[in-house]
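So the chains spell out like this:
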Amino acid sequence: MKNLIIILSLLILMAFVFGCAKQIDKTEDIKELEEAAPNSGEELPIVPEDVVEETDTPSDIICQKIPLTQQLSKIDRNYCFAVVNHNPEICREIEVDPGDEEDEANKNICLAVASEDSSYCEKIQDSSPKHVCYYQLAVISENINICDEIDYDQNEKLQCYFTFVSNLYWWDKSEEIKTEYCNKFPAGQPDKSTCLAFKDRDVSLCKNNINCLTFFKQDMSFCTGKGSTLKDCVRDRAMTDKDLSICETLTGEKRDDCLGDFCTHIKLDIAICDKITDVMEKQSRYVEVAINTANNVRGDG
């Protein structure tokens, strides 16, 4: 079974970007994943104790629960421990079969993020995981200038910038959004005014841009009026109102997306993630909660 690192990266970094790319993986052959209790008593792989300094932090405890089922990749366990501990040695324990370009890309993403070294992103040949590597590294290292290195695709570079500032906004860290970040967007582009609205938490700066307005509190009627064309309008109401019950008005994939975004950005709580039906997404959200929790602890330290 292939791993979910790229899926996780897309969920973390493009969940709030309109018109984002589809998830990338090699799991189309998985038609059913029968959920089991975390770890199921199986002998789990191989994150050597000598490369993990602590195993009782809140983030490490979450990482220990992965994989959630026998069918899901155990590589995500290495990735989780490596990133939350900023320890690239754990990434080097990931074994890659010769010629397996996806696993090789995922190992490079792990190394890039855990070591905060974009040279590993440069090694990735395929454009989709390459983009993901830069997005992931920028957000988790809290360095928007990583996005500048995407010099081969202007749209992807702008998407990276937007991902960075929108994550800060959802995490209630608008004070960390600098004017210089917003100036990375071309003059007159709607995303520039949205960035400034995030920075000041000022809905008036959105003017009539519905893609900006949806990030601020609106009545539910917004989703049948101005916001009726927005794919995730109801999810945005749950996020802005910090009201989990709104997610429960959705069904299927949209419900899972809403619950996943809520448990990783509004309230870091795997008990909320456990409500997600799709076990692949649930596992990716576990890893995301672990990473975000570790970053919060380091930021408070």
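The structure presented is a predicted model; accordingly, all values stated were derived computationally and were not measured.

Participant: What is the right way to look at the state of the cysteines in this model?
Facilitator: Cysteine pairs can be covalently joined through their sulfur atoms, and such a bond is termed a disulfide. Under the defined criterion, the tally for this structure stands at 9 disulfides. With its sulfur 2.1 Å from that of its partner, Cys223 forms a disulfide with Cys233. In this structure, the disulfide formed by Cys223 and Cys233 twists by about -90° around the S-S bond and is classed as left-handed. Taken together, the positions of Cys223 in the loop between helix 11 (210-213) and helix 12 (233-241) and Cys233 in helix 12 put the pair 10 residues apart, joining distant regions of the chain. Assigned by exposure class, Cys223 and Cys233 land together as buried. Covalently, Cys247 is tied to Cys258 through a disulfide, its sulfur atoms 2.1 Å apart. Between Cys247 and Cys258 the disulfide shows an S-S torsion of about -70°. By sign, it is left-handed.

Participant: Where do I start with the nonpolar core in this structure?
Facilitator: Inside soluble globular proteins, nonpolar side chains tend to come together where they are buried. Counting 83 residues, the largest nonpolar core has Phe164, Val165 and Ile177 as its most contacted members. The element that contributes the greatest number of residues to this core is helix 8 (residues 154-170), accounting for 9 residues.

Participant: Quick question: what am I supposed to make of the pattern of salt bridges here?
Facilitator: Opposite charge on two side chains makes pairing possible when the charged atoms of those side chains draw close. Enumeration over the complete set of coordinates arrives at 13 salt bridges. One salt bridge in this structure joins Arg92 and Glu89, with 2.7 Å as the shortest N-O distance. Between Arg255 and Glu248 there is a salt bridge, and its shortest N-O distance comes to 2.8 Å. According to the relative accessible area criterion, Arg255 is buried, its value standing at 16%.

Conventions we followed
- Residues numbered from 1 in each chain as written.
- Predicted model: local features only at pLDDT ≥ 70, side-chain atom pairs only at ≥ 80, totals over all residues.
- Heavy atoms only, no water.
- Disulfide = S-S within 2.5 Å.
- Helix = DSSP H or I, 4+ residues; strand = E, 2+ residues; numbered from the N terminus.
- Buried < 20%, exposed > 50% of the residue type's maximum accessible area, 1.4 Å probe, protein only.
- Core = buried A, V, L, I, M, F, W, Y, C linked by side-chain atoms within 4.5 Å.
- Salt bridge = Lys/Arg side-chain N within 4 Å of Asp/Glu carboxyl O.

These values are about where atoms sit, not about what they do.
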